[in-house]
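Secondary and tertiary structure notes
Listed here are the chains, written in short residue letters.
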Amino acid sequence: MEENILRYPLPSGDPKKWNLIQEKLNEKITDFEQLTTTLVTLHGTCFGDAERWEGVRLPSLKIAIDEMTENLEDFNFFGNLLPKIATWALDLEELFKDAEHSFNALEAGKNCETSFTALQSRSLLANSFFCTLAPFSCLKTGENSKRHFGNIDWMRLYCCIPDIPEGYERLKCQLYYFYTVDKLEPSGTIRYIRRAMHPGDFPVWETSKAELSPVVFDENKKIEDSDGFMHADFANKDLMLHYIIPSMTQEEVLFSIRPDIFPILLIAERLEDDEVILIMGAKIYSSYTGYLSSFEWQPLRREDFLNRQPTGIFAVDAIPSMGDVQFTTKYVNRELRKIHLGFTAIDEFANDYRDLPYEFDRVSTGNWGCGAFGGNLYLKFLEQWIAASIGGKKMDYSTFKNPKLKKVLSELQTAVLDKELTAGKLYFLIQRYGEGFDPRKQSKLPESFLKFMSKHLEVQLRGIDN
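The following refers to the structure shown.

Calculation rules
Residues numbered from 1 in each chain as written. Predicted model: local features only at pLDDT ≥ 70, side-chain atom pairs only at ≥ 80, totals over all residues. Heavy atoms only, no water. Helix = DSSP H or I, 4+ residues; strand = E, 2+ residues; numbered from the N terminus. Rg over C-alpha atoms; globule rule 2.2 N^0.38 Å. Buried < 20%, exposed > 50% of the residue type's maximum accessible area, 1.4 Å probe, protein only. Contact = heavy atoms within 4.5 Å. Lys, Arg positive; Asp, Glu negative; His and termini not counted. Charge placed at Lys NZ, Arg CZ, Asp CG, Glu CD. Salt bridge = Lys/Arg side-chain N within 4 Å of Asp/Glu carboxyl O. Expected span 1.5 Å × (residues − 1). Arc of directions from axis to C-beta. Pairing = 2+ DSSP bridges. Axes fitted to C-alpha atoms, helices over the stretch in contact; angles between N-to-C directions. Disulfide = S-S within 2.5 Å. Polar contact = N/O pair within 3.5 Å; in protein donor to acceptor, adjacent residues only side chain to side chain.

Below, the discussion takes up the overall build of the chain. A tally of regular secondary structure across the chain gives 17 helices and twelve strands. Taking 466 residues into account, the globule formula puts the C-alpha radius of gyration at 23 Å, and the chain, at 23 Å, falls close to it. Dimensions of the chain, computed from the C-alpha atoms along their principal axes, are close to 75 × 50 × 50 Å. The proportion of buried residues among the 466 residues of the chain is 58%. In the chain, the share of contacts with a sequence separation of at least 24, taken over all contacts with a separation of at least 6, comes to 80%. The centroid of the 54 positive side-chain charges in the chain is displaced by 4 Å from the centroid of its 69 negative side-chain charges.

We now examine the pattern of salt bridges. If you walk through the whole model with that rule in mind, you get 32 salt bridges. With its nearest N and O atoms 3.6 Å apart, the salt bridge here joins Lys24 to Glu27. According to the relative accessible area criterion, Lys24 is buried, its value standing at 13%. A salt bridge links Lys380 to Glu383; its shortest N-O distance comes to 2.8 Å. Of this pair, Lys380 and Glu383 both sit in helix 14 (residues 377–390), separated by three residues, roughly a single helical turn. Take Glu383: its relative accessible area is 0%, and that puts it in the buried class. Salt bridges linked by common partners bring Asp273, Asp317, Arg334, Glu335, Lys338, Lys380 and Glu383 together as one network.

Compared with the 22 Å implied by 1.5 Å per residue over 16 residues, the 22 Å span of helix 15 (residues 403–418) between its first and last C-alpha is a close match. Among the residues of helix 15, Leu405, Val408, Leu409, Leu412, Gln413, Ala415 and Val416 are the ones counted as buried. The arc enclosing the buried residues of helix 15, seen along the axis, measures out at 165 degrees, which places them on a common side. For helix 15, the exposed residues lying more than 90 degrees away from the buried face are Lys407 and Asp418. Against the buried residues of helix 15 lie strand 5 (215–218), helix 14, strand 12 (394–398), helix 16 (423–434) and helix 17 (449–457).

Pairing in this open sheet of eight strands is mixed, and the strands run 3-4-7-10-6-11-12-5 from one edge to the other. Of all strands in the sheet, those with a lone pairing partner are strand 3 (112–117) and strand 5, marking the two edges. For this sheet, the mean inter-axis angle between neighbouring strands, taken without regard to orientation, is 20 degrees. Against the sheet, helix 6 (residues 118–129) touches strand 3 and strand 4 (189–196), its axis set at about 85 degrees to strand 3. Running over the sheet, helix 12 (residues 329–344) touches strand 4, strand 7 (275–280), strand 10 (312–317), strand 11 (359–365) and strand 12 and is turned about 170 degrees from strand 10.

The tally for this structure, following the rule as stated, stands at zero disulfides. Free cysteine: Cys160, not disulfide-bonded; nearest cysteine sulfur from Cys159 at 8.8 Å.

Here we come to the environment of Glu383. Taking C-alpha positions, Glu383 is 19 Å from His198, a pair spaced 185 residues apart along the chain. Glu383 has contacts with Val332, Glu335, Leu336, Ile339 and Trp368, leaving out every residue within four places of it along the chain.

Within the fold, Arg362 resides in strand 11. Within the structure, the side chain of Arg362 is placed 2.8 Å from the side chain of Asp396, a separation counted as a polar contact. Ignoring any residue separated from it by four or fewer positions in sequence, one finds Arg362 in contact with Val216, Gly228, Phe229, Met230, Lys394, Met395 and Asp396.

Below, the structure is given as structure tokens:
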């Protein structure tokens, strides 16, 4: 075993805990009341919080099971699928025996990697369903218990009230994953890769003579619909907030339709400013409509599942809620470093993936750092465009369900290209705008960013509210 590497300890390596898990999962569970008792018992044993769940009800889990039973003809949860999930959970002991019932964490500040076979991932997800994978904060690991790692505790969703549909819709995605891997045994490898770059190793943005690369805008396609190889995860610095909650942001949708990503929550320490995480080999198992409170699970067509190879994911966190300070050089440079590394970190592994049926040098992204993060739509697009161009990447840019934004971004792109700006000159324009902000006074900039760009590009750009 490698020295000085933090490893996540699996319950199969704890005889006392594992004996109880085996005992509970070898029992035949025939109804929802018995399932509730099993989940509460195992959660209390593995998380050390038995009193918290006394008398608890799990309405969202029941709704998810009932609606899946109603909508899928052969969905037999208690008679077929639940015993399979229990068996897959108990496979943990054999599947991780050679790894001494543990695996490497992705620690901050380190270039590191952890990988699982698809069968190992299925076993981890089955254990997470039964609430047997406690986070570092609940394990007796000394100072490591205080570090910023997450968990894959589903109990928050199980307990969610029916008035919050995000709870049971997320659970449908997970149940459909189990339904699918029962019919088609999973194969392949899932890789979690953490990469950092020293600030001095990044490009010098203002002197770049790189030509601005092509951007294809689409208001109808989702990010995951692109034929580009790497797809963006608009991440929190704590991936998915390090918790599974009844919410469906872009990152939470991404995890839900690709369940093999969930185990990373146990081992991915908080992202630092010069770090990204790559996730390779995680297949899409579900489709969906809507977003946030309108999200609804949809089954993925069998032919789509069988015919589509998994793309790569790059997790990049933007700085949240910045206001006009986001236009200052310090913050623009931070965002450029982050997204540039997100776009280009995969190049180190090019030989592993170039034979897949995707455009390796095309990335799929969208309104990164906007919405709840407060980023300016036009600035965030230009930051990504600069970073992609310097990194030799083309962009597919989703303005999903927003044709007005597609129009103004397309016009902005055309105006920049008509002026024959390089990546460095475009950066200089952004820098000039940000010079008008005084961080000591926290004053508002005198004109909007789009108005400033219109003036200097000598075009009339009519924006949307941001």
